Structures are given as structure tokens and as C-alpha cells.
Amino acid sequence: MKFTKRAVAALIAAILALTMVGCHEAKEIVASYDDIEITGGMYLAMLLEADGAARTLADEQNEGDAAIEDYGKIQIKNDGKVVDYYDYVNDEAKKLIRQYVATETLAKKYKVTLSDEDKTGLEAYVSYLWDSYGYGVMYEENGVNRASYTEYMRNNAYLRGNLFGAIYGKDGKTPVTEEELKKYMNDNYCIANVIEEKLSNTDENGNTTTLTEDEAKDLLEKLNTYADRLTKGDADFETIYHEHTGEESNHEEEDTTDADEKTDDKDADKETEETTEETEEAPTAPLDSHATLLSSKETGNESANFDEIYKMKAGEVKVIEGEDSYTLVVKGDINADPYYINNLDETLRQLIKGDEFNKMLDEEGGKLDIKFNDGEISYLSPKKITYDVY
């Protein structure tokens, strides 16, 4: 969704005064608490986020039925209740206001701010979404200028992320324990060496052809032969991988370093080890460069064949016959490589405490005497949101 017709986008932005915000000013205050203010533009950014989430939820609840043509005419199941679509969107937008205000107040309490690196990252992030990914066209059409969107992202993405770390991070007020992190990782992730072969081919023009029965049979036989060699110990995965891909392997290159150099290196390594043992950095790459990290449905990003691979034992070899592919799998041991628990640290904390954190923000915001401009909220209705800009 990359857009280059800036003149058209600017014209659309000018016309939006007649569509979403009319004669209202983008800086009209929708909600406030102490010195914290939510402008009309910021609220519309929240409304678009709430509407997008509501559409996703509606599509999930409507799975298997005909595509939804008019979301405004449907109802959504939420916390055991059935509510009209637009009522749900309005409630979610108000929740985002409460979370915004709570983030600001709790950030002051925990002395959480944005670093210079955060500020630079924020500008780069917004520039990418706004200019390269097409957000500018859609958001401006719906009454959100770049400044309003940037301010919302400052709070929603960066300040909130730092606040989350101040509470649940390693040095936070109530950190997620190492035991919790390891348990969640072991329950929802695993690693394996994987060679997957599709049962169809797609050419450069996008034309797809399915393998013939004989071609599929030959492919399966090839993968089963690999599996037999791996099981018997006649080859390791490194060898099989390079044999299959046609790439040269360098994992058995001869060490030509002379004896004197090796002795010097050992002395240097020993000295370095003694001085850096306590300050050793976390590994920056997995021990097995061919290992694939697989995740469960619980993580929101389920990997193909996860359940079947997860049940395998470390070192077990199997060929999985799927409907559209055959896959050679060698199960690994995720706990044998410290790279994963370190690399997944932030993700694991978010998965474990993310919902609790958002609920806490909503509850904290609900305790505050936030002043809502009901007239402005009523005027900036989700019914006026348009996606007809692409």
C-alpha cells in the first residue's frame, strides 16, 4: 500500500472537513485530566484503532459465514454480552482514552520518560507508516493529521512500552520471574531443523501448478531417505541441508593454524575468559544456524505443524505429510541454547503480562476523574469512518 500521489492525498485531506470533522477543529478537546488533553485528532486515531480491532473480532466471530458487507449492521459478542457494532467501537475508543491518561499519570509516578533514542525511533516509525505504508492517506481522510498520530504513538507505543518495562521488566517493580519466562517458552515454543517442500510450484508470473502424483511420490521418497540417514547417524542435518540446497558446506573446514599460534590463542582466551566471565553478554545468534523457532497458537502466530513437532522428542526425526507440503523435521532442544530465552525475553514478558497490563491501565484510568466532551465524542462517530481511499 505505497502511495505516491501526494497532491491527491492533500486534496483528500482538505475535503475531509466535509466528511469526518466538518467545521470542528482538529484541536477540539475530547477528553482531559489535569494537564493531559485528548484532542479531536488524537481521539480519531484511537477511534480508527478501535474500529480496526472491532472488524478483526467481527471477522473472527463470523468465520465460515459469508463476508461481512456492512459492519454497522452486525453485533459483536463481548464478555458474554452481545452489543451493536458501533456501541462496541465507541466503548473501545473510550477505553483507549482511559489507557492513554493512565499511561501518562503512571509514567510520572514511575519516572518513565522517552530517551533520545526513543524519540528518534518514534519519528522514524511514524515516517515509515505515514509516508511509505499509506497511513497518511487513510488517516488524513479521517481527520487525523501527522502531529496527532505522532502524539498518540508517543504514548501508545513508546511511553507505554517503557512503562511496561518499569513494572514487568527484569528490574521492574513486579518483574516476571525467570521461572515464568522459561515455563511459557517451553509451553509455547520449540526449535527444529526443517526442510519443507511444497506440493506445487509457482512461476515468475504467479501461475501455480500442482506436482503430479509421481513427482510428489519422488519428493516424499527423497525426504524419507534423508530421514533414514539422519536416524542412522550416516549424516547430520548440516550435510543434508547443503546436499538438498546445493550450497557448499564449510562446517568441516580444516584448521590450518600452526601450533605456536594456537598456544598464543589459548593464553589469550584464558586471560580474556578470566576478565570477562562476570560480564559475558547474551548470545547474539543461535548455536545452530539452521534451527527454526516454532510457536504455538497461544502466541498469536502459530507455526505450521507446531502441535505435531512440539510432541516430538529432542533428536527425533520425522517426515510430516501435509495436504500441500511434505516436511522433514529434526526436533531440537530449545533449553540447550541460551540464545532463545534471552532473545525472546521481551516477547515472553508481553505475552505473559500484556493483557494484565492493558486491563490495569483501563482500571487505573477509570479511577481518575477524566472529563469527557460527550458532544464532541457523539459528533466524531465511527459511522463516519471511511476506508474508500485506496
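Above this text is the structure in question.
My aim in this report is to walk through the structure given alongside it, one point at a time. (Residues numbered from 1 in each chain as written. Predicted model: local features only at pLDDT ≥ 70, side-chain atom pairs only at ≥ 80, totals over all residues. Heavy atoms only, no water.)

A short note on the overall build of the chain
Piece 1. Within the chain, the regular secondary structure consists of 14 helices and eleven strands.
Piece 2. Taking all 390 residues of the chain together, the buried fraction comes to 37%.
Piece 3. In the chain, of all internal contacts separated by at least 6 residues, the share reaching a separation of at least 24 is 70%.
Piece 4. Per element, the accessible surface of the chain, about 23,700 Å² overall, is 45% carbon and sulfur. (Helix = DSSP H or I, 4+ residues; strand = E, 2+ residues; numbered from the N terminus. Buried < 20%, exposed > 50% of the residue type's maximum accessible area, 1.4 Å probe, protein only. Contact = heavy atoms within 4.5 Å. Areas by Shrake-Rupley, 256 points an atom, 1.4 Å probe, with all protein chains shown as cover.)

Re the sheet that holds strand β10 (residues 325-331)
Piece 1. Read across the sheet, four strands follow the order β8-β5-β10-β9 without closing on themselves; strand pairing throughout is antiparallel. Strands at the two margins of the open sheet, each flanked by one partner only, are β8 (291-295) and β9 (317-321). Neighbour to neighbour, the strand axes of the sheet diverge by 40° on average, direction disregarded.
Piece 2. Strand direction decides the pairing type here: strand β5 (residues 189-198) and β8, joined by five bridges, are antiparallel. (Pairing = 2+ DSSP bridges. Axes fitted to C-alpha atoms, helices over the stretch in contact; angles between N-to-C directions.)

Regarding the packing of aromatic side chains
Piece 1. Under the definition given, this model contains 16 aromatic pairs.
Piece 2. Here the aromatic cluster, defined as three or more aromatic residues joined through ring pairs, consists of Y128, W130, Y133, Y135, Y139 and Y149.
Piece 3. The ring of F372 is capped by K94, whose NZ or CZ atom sits 4.8 Å from the centre of that ring.
Piece 4. Directly above the ring of Y379 sits K384, whose terminal nitrogen or CZ lies 3.5 Å from the centroid. (Phe/Tyr/Trp six-rings, centres within 6.5 Å; stacked < 30°, edge-to-face > 60°. Lys NZ or Arg CZ within 6 Å of the ring centre and 35° of its normal.)

Some remarks on a negative patch on the surface
Piece 1. A cluster of acidic residues, E213, D214, E215, D218 and E221, forms a negative patch at the surface.
Piece 2. Among the structural elements, E213 can be located in helix α8 (residues 213-232). (Patch = residues over 30% accessible without salt bridge, like charges linked within 9 Å, V, L, I, M, F, W, Y side chains within 5 Å. Salt bridge = Lys/Arg side-chain N within 4 Å of Asp/Glu carboxyl O. Lys, Arg positive; Asp, Glu negative; His and termini not counted. Charge placed at Lys NZ, Arg CZ, Asp CG, Glu CD.)

Details of the sheet that holds strand β2 (residues 36-39)
Piece 1. Taking strand neighbours across the sheet as the criterion, the three strands line up as β2-β1-β11 in an open arrangement whose pairing is antiparallel. The outermost strands of the open sheet, each flanked by one partner alone, are β2 and β11 (371-372).
Piece 2. Note that strand β1 (residues 29-33) and β11 share two bridges and pair antiparallel. Bridging across to β11, S32 finds its partner in K371.
Piece 3. Where helix α2 (residues 40-61) meets the sheet, it contacts β1 and β2, and its direction lies at approximately 70° from that of β2.
Piece 4. The strands that helix α3 (residues 85-109) touches are β1, β2 and β11; relative to β2, the one it contacts most, it runs at about 150°.

Regarding the pairing of β2
Piece 1. Relative to β2, β1 runs antiparallel, the two sharing four bridges. Pairing of A31 across the sheet is with I38, part of β2.

Some remarks on helix α6 (residues 146-168)
Piece 1. Over its 23 residues, α6 runs 31 Å from end to end, which matches the ideal 33 Å to within 8%, given 1.5 Å per residue.
Piece 2. A maximum bend of about 35° is found in α6 at R160.
Piece 3. Where α6 starts, the residue carrying a side-chain oxygen 3.2 Å from the main-chain nitrogen of A147 turns out to be N145. (Expected span 1.5 Å × (residues − 1). Bend = angle between axes of the 7 residues up to and from the residue. Polar contact = N/O pair within 3.5 Å; in protein donor to acceptor, adjacent residues only side chain to side chain.)

A look at the layout of surface pockets
Piece 1. Of the volumes computed, that of the largest pocket is approximately 840 Å³.
Piece 2. As for the largest pocket, its lining consists of 20 residues, of which E92, Q99, G354, D355 and N358 are closest to the centre.
Piece 3. Secondary structure elements with two or more residues in the lining of the largest pocket: α3, α6 and α13 (345-367).
Piece 4. In terms of residue count, α13 provides more of the lining of the largest pocket than any other element does, eight residues in total.
Piece 5. In the lining of the largest pocket, the residues fall into four nonpolar, seven polar and nine charged. (1 Å grid on protein atoms, 1.4 Å probe; cavity = no way out; pocket = protein on both sides within 12 Å on 5 of 7 lines; lining within 4 Å. Points joined across faces, edges and corners; volume = space filled by probe spheres on them. Nonpolar A, V, L, I, M, F, W, Y, C, P; charged D, E, K, R; others polar.)

Things to note about the packing of α2 against α3
Piece 1. α3 packs onto α2 with a crossing angle of 130° between their chain directions and a minimal axis gap of 8 Å. With respect to α3, the axis of α2 lies oblique. Once α2 is placed against α3, the crossing between them reads as right-handed. Between α2 and α3, the contacting residues are M42, Y43, M46, L47, E49, A50, D51, A54, R55 and L57 on the first element and Y85, Y88, V89, N90, E92, A93, L96, I97 and Y100 on the second.
Piece 2. A breakdown of the residues in the contact of α2 with α3 according to their chemical character gives 14 nonpolar, one polar and four charged. (Parallel < 35°, antiparallel > 145°, perpendicular 65-115°, else oblique. Left-handed = near helix turned anticlockwise from the far one by under 90°.)

With respect to the packing of α2 against α6
Piece 1. Interaxial distance between α2 and α6 falls to 8 Å at its minimum, and their mutual angle equals 65°. One element, α2, and the other, α6, form an angle in the roughly perpendicular class. Note on packing geometry: the crossing formed by α2 with α6 is right-handed. Residues G41, M42, A45, M46 and E49 of α2 form the contact with α6, whose own contacting residues are S148, E151, Y152 and N156.

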